[in-house]
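Read off the chains here:
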Amino acid sequence: MGELNVAKLRTKKDRANYIYHLINDIEALDIMIEKGMIEDGPLRIGAEQEFCIVNNQFLPESNSLELLKEIDDNHFTTEIGNYNLEINLDTLELTGDCFSKLHQQLDALLDKTKKAATNKNSKIVLTGILPSLSVNDVDEQSMTNVERYSLLNDAIKASRRKSFDIHIKGVDELNLLHDSVMLESCNTSFQMHLQLSPKTFVDNYNWAQAIAGPVLSICANSPLLFGKELWSETRIALFTQSVDTRVNSYLLNEKQARVSFGNEWYTGTITDIFKNNISRFRSFLTTDFRRDSVEMVHNNETPKLRALQLHNGTVYPWNRVCYGQINGKPNLRIENRYIPSGPTTVDEVANMMFWVGIMLGKPKKYNNIHEQWDFKDVKTNFFNAARYGKATQFYWNGAYVSSHDLILNELLPMAYKGLYSVGIIPKDAEYYLKVIEDRVAGNNGSEWIIRNYRNLLKKHKGYESTQILTANLYDKQEKGYPVSVWNMLNYGDNKGFKAKQLVKHIISTDVFSVDKNDSVHLVLNIMKWKNIHHMPVINSDRKLVGLLSWNDVKDYLDKSSRNYVSVSKLMKTNIVTVDQYTTIETAKKLMKDHDISCLPVVHDNKLLGLITLNDF
């Protein structure tokens, strides 16, 4: 869990005190490693489950604090979005049936959540990005009312001094200017923790980087954002941009984003990894410090390294090094942050077992991987996996190999070997790794979502399609079968819920528009070519300034003067408009009352689309 008792760094004294403790923590960690105080074994696993809260319309429900109070369990904590919560699972020794035990606890805690959610007319959905999220759900009004989040938001905004410019291009393209870090709340993950020996930690960290691409490719399930089809795992692009403190001038030393895969292999000691992050990224927050870490180590006490952990909590590599302690003994672990939440708990535990198995089953030929492979090949593999999922070709050990062949022929056997080496029972290894194997032949979450979304769009508009899709995700999640065996949806698979009909459900967003200085001749031809009867007039900021109908321009069909008449001469400027969340009944009444057949849909007077009588 992140440190919640924090304050913004405001004064020189605050900064000096924080930096003193931060550097002191690094020194203390160096001493602990040198003295052999860091626990060498037994190895352990742990996980964090993030999830979405939805209402009966399968839209985000901002009631996390109410739900948290209802659940009343210390395993739960908040996230930045008020429609998200997180479960912190117990740490387990890595042996025997630890994975099925972790699975049992996860299901039990989610059952507890579901009961509380039912009392609040809510439901729980496990997915990397909730398909039914819209841009309106990620404003600051939806931020969880916890000071840590507002402080972090203010600090990052102050560092950037400009809006977040989000650009993600996949099959569709998303261009968005956003004014807060709330876009981070779109991402929900299943964060996996693996404790490792300090003796081989740096080499194993590099191995975790090397395998990230192939592991991600089979686990991807976040292809949609705001109704647009982007990457197989869109979280990777979105999270990178949503908390980026850089501006175009690259202030200070921040030449890479706070969310990053990294730029190079790590060599040297474990503390060099932390030192690199401290050197690159400035601190935003502080907390109260009561003890000197170095003094505690010299007194054979285990420090919490609070300054170091606070800084580490504001830097987000996809594989993050974490310091912690269990029963008073310090340990080091890798936190895998790139795996999405869901779509079922079976899938999540299978993902975890696959990753842990590969980590432990590394053949000797891959020792000192940093001396054999170019880091840029590994980084390319990771981002290709995020874009293309199972369709990725990986550059692996000097040759190109498909995701299918790499997983089946090398990584799955490696995972079995690694799991058996620490005593994982064959029953668990075979059950969960079979889930991964079946995904190779069937669908992963990303493919299932995309295939069904495209089918739904043949009969429904985008907004309703995302609701139906989310309803079916929920239904199949509740049945518990892994995604590889999910069947495809029929057009009418709305799972018994009837969407409250809003303008957003019927809006046409693929709209042709003109400028007020365009000629009527051009407008006439566009209307004829595209068989349309209404033409909005917008300015360079996409603000609606007028509206033309066929009746306004048809008299110029046979007049040569049309070449010289501008749109501004004929357009109507007294326009009746609606918001996208207006009910359809209200929109119908507006059309009837004003005797019109078209309503522009606007937000802050910017054109979003049109609805006409035909849309009803």
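Everything discussed here concerns the structure shown above.
Residues numbered from 1 in each chain as written. Predicted model: local features only at pLDDT ≥ 70, side-chain atom pairs only at ≥ 80, totals over all residues. Heavy atoms only, no water.

### Quick notes on the nonpolar core
Ranked by internal contacts, the top residues of the largest apolar core, which has 137 residues, are I45, F99, W207, Y338, F354 and W355. By size, the runner-up hydrophobic cluster in this structure holds 15 residues, among which are V514, V520, V523 and V537. (Core = buried A, V, L, I, M, F, W, Y, C linked by side-chain atoms within 4.5 Å. Buried < 20%, exposed > 50% of the residue type's maximum accessible area, 1.4 Å probe, protein only.)

### Some thoughts on the pattern of salt bridges
Tallied over the entire structure, the rule returns 22 salt bridges. A salt bridge links D111 to K114; the nearest nitrogen and oxygen atoms lie 4.0 Å apart. In this pair, D111 and K114 both sit in helix 3 (residues 98–119), three residues apart, roughly one turn of the helix. A relative accessible area of 39% places D111 in the partly exposed class. Residue K114 is classed as partly exposed on the basis of its relative accessible area of 24%. Two residues, R320 and E335, come together in a salt bridge whose shortest N-O distance is 2.9 Å. Here R320 is found in strand 15 (residues 319–326), whereas its partner E335 is found in strand 16 (residues 329–336), with 15 residues between them in sequence. (Salt bridge = Lys/Arg side-chain N within 4 Å of Asp/Glu carboxyl O. Helix = DSSP H or I, 4+ residues; strand = E, 2+ residues; numbered from the N terminus.)

### Remarks on the pairing of strand 19 (residues 534–538)
In terms of burial, strand 19 is a largely internal element, five of the five residues being buried. Neither face of strand 19 is open: one carries H534, P536 and I538, the other M535 and V537, and all of them are buried. Alignment of strand 19 against strand 20 (residues 544–549), held across five bridges, turns out to be antiparallel. Note on strand 20: the bridge partner recorded for I538 is L544. Counting the residues between successive antiparallel strands, the hairpin from strand 19 to strand 20 contains five residues, one of them, R542, with a positive phi of roughly 65°. (Pairing = 2+ DSSP bridges.)

### Side note on the environment of S403
Topologically, S403 is positioned in helix 12 (residues 403–421). Other than its neighbours up to four places away in sequence, S403 contacts S217, K390, T392 and F394. A polar contact of 3.0 Å, which involves the side chain of S403, links it to the side chain of S217. (Contact = heavy atoms within 4.5 Å. Polar contact = N/O pair within 3.5 Å; in protein donor to acceptor, adjacent residues only side chain to side chain.)

### Some points on the side chain of N336
Note on placement: N336 falls in strand 16. By relative accessible area, which is 0% here, N336 ends up buried. Of the polar contacts made by the side chain of N336, one reaches the backbone nitrogen of Y338; its length is 3.1 Å. Residues in contact with N336, not counting those within four places in the same chain, are F190, Q191, M192, W318, N319 and W355.

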